[in-house]
Amino acid sequence: MSSNTVQPVPTAQAPRTQRGKAKEDRRHALLSAAASLFALNGFNRVSLEDLGAAAGVSGPAVYRHFPGKQAVLADLLVTVSQELLDGGREVVARTADPLAALRQLVEFQVDFALGKPDVIRVQDRDFSNLSEQDQLAVRTLQRSYVEVWVDILAKVHPGTDAAELRMRAHATFGLINSTPHSVRSHGRRMAAGVARPLLERMALAALMVDSAPAP
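From a predicted model like this one, the values you see are computed outputs, not experimental measurements.

1. Concerning the overall build of the chain
Along its length, the chain carries eight helices and zero strands. Its helices and strands taken in sequence order, the chain reads α-α-α-α-α-α-α-α from the N to the C terminus. Counting all 215 residues of the chain, 41% fall into the buried class. Surface summary for the chain: the accessible area is close to 12,100 Å², and the carbon and sulfur share equals 55%.

As structure tokens, this is what we get:
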């Protein structure tokens, strides 16, 4: 495994010291800066010095947290992919009714899209800058997230082919994830007051459409 590959975070964590918390806070600040700068300028036009300056640390200090810029990109995309998977599984685990679970999955995805549009843009544009192993890690997590949706859709549309259900899930992600780019210029009020409920209704309507009858 390459040195840039992000290792899974252990589920059992030791009590954090104040120093450990400060280090983790700086790491999050660097990832937040990376999302903004990569989305604005592209991965190849951002230096470690740029990331450090945006996060309030010196360029060399970035190496205390990441071995290089590619590792920052990997951590950003792997972490977000893991958060999506964990969040989707949590929604399903706490909701027994399939239709209610589907609604909550839609709400969860809309929250992500409106809350982290920069990460979506980075994923779309700079995924190829990851190492092959990190690309595999991200794809594996994201495929597992899709299957969370497919499992629920199979209960809402019993008897429907799994390939069609995956197509529905991917189409819904495309609808939801593309919209934050178009509403950004209208500000947060637009996102909260108009985009969110509209996205949720449109996404659920698309997911609930009956399958086409066989010819």
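2. Looking at the packing of helix α4 (residues 98-115) against helix α6 (residues 132-156)
In the contact formed by α4 and α6, the axes pass within 9 Å of each other and the chain directions differ by 145°. For α4 against α6, the interelement crossing comes out left-handed. Where α4 abuts α6, its residues P98, L99, A101, L102, L105, V106, F108 and Q109 lie against Y145, V148, W149, I152, L153, K155 and V156. A breakdown of the residues in the contact of α4 with α6 according to their chemical character gives 13 nonpolar, one polar and one charged.

3. Comments concerning α6
For α6, with 25 residues, the first-to-last C-alpha span of 36 Å sits near the 36 Å given by 1.5 Å per residue. When we look at burial in α6, the residues that qualify are D134, Q135, V138, L141, Y145, V146, V148, W149, V150, I152, L153 and V156.

4. Side note on the nonpolar core
F38, L51, L76, L77, L102 and W149 are the most contacted members of the largest nonpolar core, which has 55 residues in total. Contributions of two or more residues to this core are made by α1 (18-41), α2 (48-55), α3 (69-94), α4, α5 (117-126), α6, α7 (162-183) and α8 (187-208). Per-element tally for this core: the top contributor is α3, with 11 residues. Every residue in contact with W149, bar those within four places of it in the chain, is listed here: L102, L105, V106, Q109, A169, T172, F173 and L207.

5. Concerning the UniProt feature "DNA-binding region" (unreviewed entry) in the chain
This chain's UniProt record puts "DNA-binding region" (unreviewed entry) on residues 47-66. Between the C-alpha atoms that bound residues 47-66 there is a distance of 13 Å. The span itself is 40% helix and 0% strand.

6. A short note on the side chain of H65
With respect to the helices and strands, H65 occurs in the loop between α2 and α3. Residue class for H65 comes out buried when judged on its relative accessible area of 19%. Excluding residues within four positions of it along the chain, H65 makes contact with K23, R26, R27 and L30.

7. Points about the pattern of salt bridges
By the definition in use, this model includes eight salt bridges. Salt-bridge contacts for R27 lead to E24; the nearest nitrogen and oxygen are separated by 3.0 Å. Of this pair, R27 and E24 are both found in helix α1, three residues apart, which corresponds to roughly one turn of the helix. Of the residues examined, R27 reaches a relative accessible area of 17% and is grouped as buried. Take E24: its relative accessible area is 26%, and that puts it in the partly exposed class. Taking the shortest distance from any N to any O, the salt bridge between D126 and R125 comes out at 4.0 Å. Residue classification places R125 among the partly exposed residues on the basis of a relative accessible area of 35%. Because the salt bridges share partners, they merge into one network encompassing E24, R27 and D75.

8. Considering the layout of surface pockets
Put simply, the second largest pocket is a space of about 460 Å³. Taken together, 21 residues form the lining of the second largest pocket, with L84, Q123, Q142, F173 and N177 sitting closest to its centre. At the level of secondary structure, the elements contributing two or more residues to the lining of the second largest pocket comprise α3, α4, α5, α6 and α7. Tallying contributions element by element places α7 first for the lining of the second largest pocket, with seven residues. Considered class by class, the residues forming the lining of the second largest pocket number nine nonpolar, nine polar and three charged.

Thresholds, definitions, all that
Residues numbered from 1 in each chain as written. Predicted model: local features only at pLDDT ≥ 70, side-chain atom pairs only at ≥ 80, totals over all residues. Heavy atoms only, no water. Helix = DSSP H or I, 4+ residues; strand = E, 2+ residues; numbered from the N terminus. Buried < 20%, exposed > 50% of the residue type's maximum accessible area, 1.4 Å probe, protein only. Areas by Shrake-Rupley, 256 points an atom, 1.4 Å probe, with all protein chains shown as cover. Axes fitted to C-alpha atoms, helices over the stretch in contact; angles between N-to-C directions. Left-handed = near helix turned anticlockwise from the far one by under 90°. Contact = heavy atoms within 4.5 Å. Nonpolar A, V, L, I, M, F, W, Y, C, P; charged D, E, K, R; others polar. Expected span 1.5 Å × (residues − 1). Core = buried A, V, L, I, M, F, W, Y, C linked by side-chain atoms within 4.5 Å. UniProt positions renumbered as here; feature names shortened; annotations may be inferred. Salt bridge = Lys/Arg side-chain N within 4 Å of Asp/Glu carboxyl O. 1 Å grid on protein atoms, 1.4 Å probe; cavity = no way out; pocket = protein on both sides within 12 Å on 5 of 7 lines; lining within 4 Å. Points joined across faces, edges and corners; volume = space filled by probe spheres on them.

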